[in-house]
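What follows is the residue order along each chain.
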Amino acid sequence: MAFIGIGRGGAASLGPEATKADKYTLALRHSCEEGDLAEMNAVLAQLAAARAAEEGCSEAEATRNIILESCADGMTATPLSYVMIRRRGGDGPDGWIGQVRRLFEAVGDDGAALLATAVNAPGRMTTLHFAVTVPPPRKLPGSTWEREPPKKMSRAAVALFLAYGADARIKNATERDPIAFVDLFLDRKKDRDTDLVALLELAARVGGPAAVARTLADTPHVLVDSPGWGVVRTMPRLLALDKLLCTPRASLPVIIAHWADARARWRDEEADVEGSVEYGVFARVPRAALAVTLKQLAREAAPPAEDSEDDGW
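Residues numbered from 1 in each chain as written. Predicted model: local features only at pLDDT ≥ 70, side-chain atom pairs only at ≥ 80, totals over all residues. Heavy atoms only, no water.

*Asks:* Would you explain the overall build of the protein in this entry?
*Replies:* A tally of regular secondary structure across the protein gives 16 helices and two strands. Counting every position in the protein, which comprises 313 residues, the buried fraction comes to 44%. For the protein, the exposed surface amounts to about 15,300 Å²; the carbon and sulfur share of it is 54%. (Helix = DSSP H or I, 4+ residues; strand = E, 2+ residues; numbered from the N terminus. Buried < 20%, exposed > 50% of the residue type's maximum accessible area, 1.4 Å probe, protein only. Areas by Shrake-Rupley, 256 points an atom, 1.4 Å probe, with all protein chains shown as cover.)

*Asks:* What should I look at first to understand the packing of aromatic side chains in this one?
*Replies:* Geometry of an aromatic ring pair is reported as the spacing of the ring centres plus the angle between the planes. Scanning the model with the defined rule gives two aromatic pairs in all. Relative to F161, the ring of F104 has its centre 6.1 Å away and its plane inclined at 35 degrees; by these criteria the two rings are tilted. Note that F104 is positioned in helix α5 (residues 96-117) and F161 in helix α7 (residues 155-163), a separation of 57 residues in sequence. Each member of the pair, F104 as well as F161, carries the same accessibility label: buried. Between F104 and Y164, the aromatic rings sit 5.2 Å apart at their centres with planes inclined by 80 degrees, giving edge-to-face as the arrangement. Of this pair, F104 sits in helix α5 while Y164 sits in the loop between α7 and α8 (178-185), and the two are 60 residues apart along the sequence. Assigned by exposure class, F104 and Y164 land together as buried. Among the aromatic residues, those joined into a cluster by ring pairs are F104, F161 and Y164. (Phe/Tyr/Trp six-rings, centres within 6.5 Å; stacked < 30°, edge-to-face > 60°.)

*Asks:* Help me understand unusual backbone geometry in this model?
*Replies:* For residues other than glycine, phi is negative in most cases, and the peptide bonds are mostly trans. Its identity as a non-glycine residue notwithstanding, R87 has a phi of 50 degrees, on the positive side. Relative to the elements of secondary structure, R87 occurs in the loop between α4 (79-86) and α5. Relative accessible area serves as the criterion here: at 6%, R87 is assigned to the buried category. For E175, which is not a glycine, the phi torsion comes out positive at approximately 65 degrees. Its place among the elements puts E175 in the loop between α7 and α8. Under the relative-accessibility criterion, E175 is labelled exposed at 57%.

Structure, rendered in structure tokens:
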């Protein structure tokens, strides 16, 4: 097939050893980097139609394969990373955050987890690294678009990636984790997004999903008021966390997250949060004792069972 959508310099980047996955990813790259949602959709639809005809599969399956193939070898930047590098078009549903949602929806829940956790081998860059990267403003050659550093616009993307399993502890080839990247690209005193850093630090301690759940429970404005949140909040794993917090058992994952964070601070001999004595005491509760307490809380919060006295815990 004649590959479409290859951006400036794209064709020259294809060597004789290029695989089919390389060609499709590169064909999609330009629309991810410099296009908006409409342009990316148009290119993706054309590529999927061509591939479906070539392989005798459905266009939906072809679309999924095109997006996910770059995750398989870990050597190629994914379409998601291309979107996050540039973040063009604003944080509305038709801009970069809409592109992120489209890519996630096109590959399904399991595929979205693969995208969120992908690591590009040469630089060991993760989706979280790309989400907090803030290059200096510059006008690209031949382009009328001038990038402005997004200071707090990527909280929604960070929360989405964490909910789908992104690991905030992974360091890139220069031994920097995503938290270090925040300080690398921003003036620590003037522009540092302390709420974003707090979310990443919590995720490094208790895991991405627990960190997002705890943030939604304790300081919901950090995410709910962030640009782009309205576009991604209904993604399955974020929606599941949001719904969980509206149930009688909502406190359980938050309790676990608090305990894990307090436990880590106690183990690392760090100061308790805000000098809270109670927090330090909570850290010393044994895992087995916490499990018994949570089971009892779950039974009390659960609706009465019609056929059983036990709720399955």
